Amino acid sequence: MSVSRLFLVRHALVEPSARAILYGDMDVRLCEAQLEAEAALYRWLAARLPRPARWVTTPLARTRATAAAIFAAGYPEQEVAVEPDLAEQHLGEWQGITHEALTERLLEPPHPFWPHAAETRPPGGESLEDVRGRVGPVIERLAAEANDAVVVAHGGSIRAAIMHAMGLSAQQALAFSVKNLSLTTLEKHGAHWRVAGVNEEPWPFPGVS
């Protein structure tokens, strides 16, 4: 039975001004100070990710910059394909507003781990189910085309990939933690998806950096 693996890396932390708002698929920059502080994480990813592998990012600069930082940390630099359908959830009219301003617009209680209810489609934007609808075909194609693929993407699109692989609802998918620079691994065994790991981070060995 053929096995394909997708290694999904969430981009690094964005700049503080962006974290104060709902930025969705806005093209915001990474936090320069955090790039330096997290040098060990990039070295871990450079050693942890498979070689050889096909590399994919989204059109947003934060994923391309994260891939470049992993190459700079020791992974041999690769040609990187861009997949627009792996971009972050588009939040429509809510993009650019503060988290405090969002609470005034909500018509139902938010998900415990998300700014709004799991099934909500922001005005002019996408629901997480909409994101799953565009992410699912891409990961199916990547699994068919390459034995190993590294995908630098977003919290929303990585959760959407998990939704697709496991047949989950948006409510269930949002219960998964997907931290910045964490690794989620999905395997395709023939016609079946298997989740090998979600939100993997390096073990904190004392004295090792």
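Along each chain, the written sequence defines residue order, and numbers are assigned to residues from 1. For this predicted model, a pLDDT threshold of at least 70 governs which residues receive local features, and a threshold of 80 or more governs which side-chain atom pairs are given and counted, while totals over whole chains, interfaces and linings are taken from all residues. To get the side-chain values, take all heavy atoms of the structure and skip hydrogens and water.

What am I meant to see in the overall build of the protein chain here?
Each helix and strand in the protein chain was counted, giving eight helices and six strands. Overall, the protein chain shows an N-to-C arrangement of helices and strands of β-α-α-α-β-α-β-α-α-β-α-α-β-β. Its C-alpha atoms give the protein chain a radius of gyration of 17 Å, within 12% of the compact-globule value 17 Å for 209 residues. Considered along the principal axes of its C-alpha atoms, the protein chain spans approximately 45 × 45 × 30 Å. Runs of E in the DSSP output that reach at least two residues are strands. Runs of H or I that reach at least four are helices, and both are numbered from the N terminus. To get the radius of gyration, use the C-alpha atoms; to get the globule rule, take the number of residues to the power 0.38 and multiply by 2.2 Å.

What's the story with the packing of helix α6 (residues 128-145) against helix α7 (residues 155-166) in this structure? I'm lost.
The angle between the axes and the distance between the axes are what describe a pair of packed helices. Axis lines are fitted to C-alpha atoms, over the contacting stretch for helices. Their N-to-C directions set the angle, which ranges from 0 to 180 degrees. Put simply, α6 and α7 touch, their axes get as near as 8 Å, and they point 75° apart. In terms of orientation, α6 lies roughly perpendicular with respect to α7. Between α6, through Leu-128, Glu-129, Val-131, Arg-132, Val-135, Gly-136, Ile-139 and Glu-140, and α7, the contact on the second element is made entirely by Gly-156, Ser-157, Ala-160, Ala-161, Met-163 and His-164. Side-chain classes follow a simple rule in which Ala, Val, Leu, Ile, Met, Phe, Trp, Tyr, Cys and Pro form the nonpolar group, Asp, Glu, Lys and Arg form the charged group, and the remainder, Gly included, forms the polar group. Each residue belonging to the contact of α6 with α7 can be placed in one class, and the counts come to seven nonpolar, four polar and three charged. Orientation is classified from the angle alone, with under 35 degrees giving roughly parallel, over 145 giving roughly antiparallel, 65 to 115 giving roughly perpendicular, and any other angle giving oblique. Whether two residues touch is decided by their heavy atoms; if any such pair falls within 4.5 Å, the residues are in contact.

Where do I start with the packing of aromatic side chains in this structure?
Aromatic ring pairs are defined here through the distance separating the ring centres and the angle between the ring planes. Stacked, edge-to-face and tilted are the three classes for Phe, Tyr and Trp ring pairs, Trp counted by its six-membered ring, which pair at centre distances within 6.5 Å; planes under 30 degrees apart are stacked, over 60 edge-to-face, the rest tilted. Throughout the structure, instances matching the rule amount to three aromatic pairs. On the numbers, 4.7 Å between centres and 55° between planes, the contact of Trp-55 with Phe-71 is tilted. In this pair, Trp-55 is assigned in strand β2 (residues 54-57) and Phe-71 in helix α4 (residues 61-72), connecting sequence segments 16 residues apart. Between Phe-71 and Tyr-75 the ring centres are 6.2 Å apart and the planes differ by 40°, which places this aromatic pair in the tilted class. Just as Phe-71 is buried, Tyr-75 falls in that class too. Sitting over a ring, as applied to charges here, requires NZ of Lys or CZ of Arg to be within 6 Å of the ring centre and within 35 degrees of the ring normal. Cation over ring: Arg-51 sits above Tyr-75, and NZ or CZ is 5.1 Å from the ring centre. To sort residues, take the accessible area from a 1.4 Å probe on protein chains only and compare it with the maximum for the residue type: under 20% means buried, over 50% means exposed, and anything in between is partly exposed.

Where do I start with the pattern of salt bridges in this structure?
Two side chains carrying opposite charge are able to pair once their charged atoms lie near each other. A pairing counts as a salt bridge when a side-chain nitrogen of Lys or Arg comes within 4 Å of a carboxyl oxygen of Asp or Glu. Taken as a whole and judged by the stated rule, the model has eleven salt bridges. The residue Glu-126 makes a salt bridge to Arg-134 at a minimum N-O spacing of 2.8 Å. In this structure Glu-126 comes out as buried when scored by relative accessible area, which is 16%. Lys-188 is paired through a salt bridge with Glu-140; the nearest N and O atoms lie 2.6 Å apart. In this pair, Lys-188 sits in strand β5 (residues 183-189) while Glu-140 sits in helix α6, placing the two residues 48 residues apart along the sequence. Each of Arg-54, Glu-83, Arg-141 and Glu-145 takes part in one network of salt bridges that share partners.

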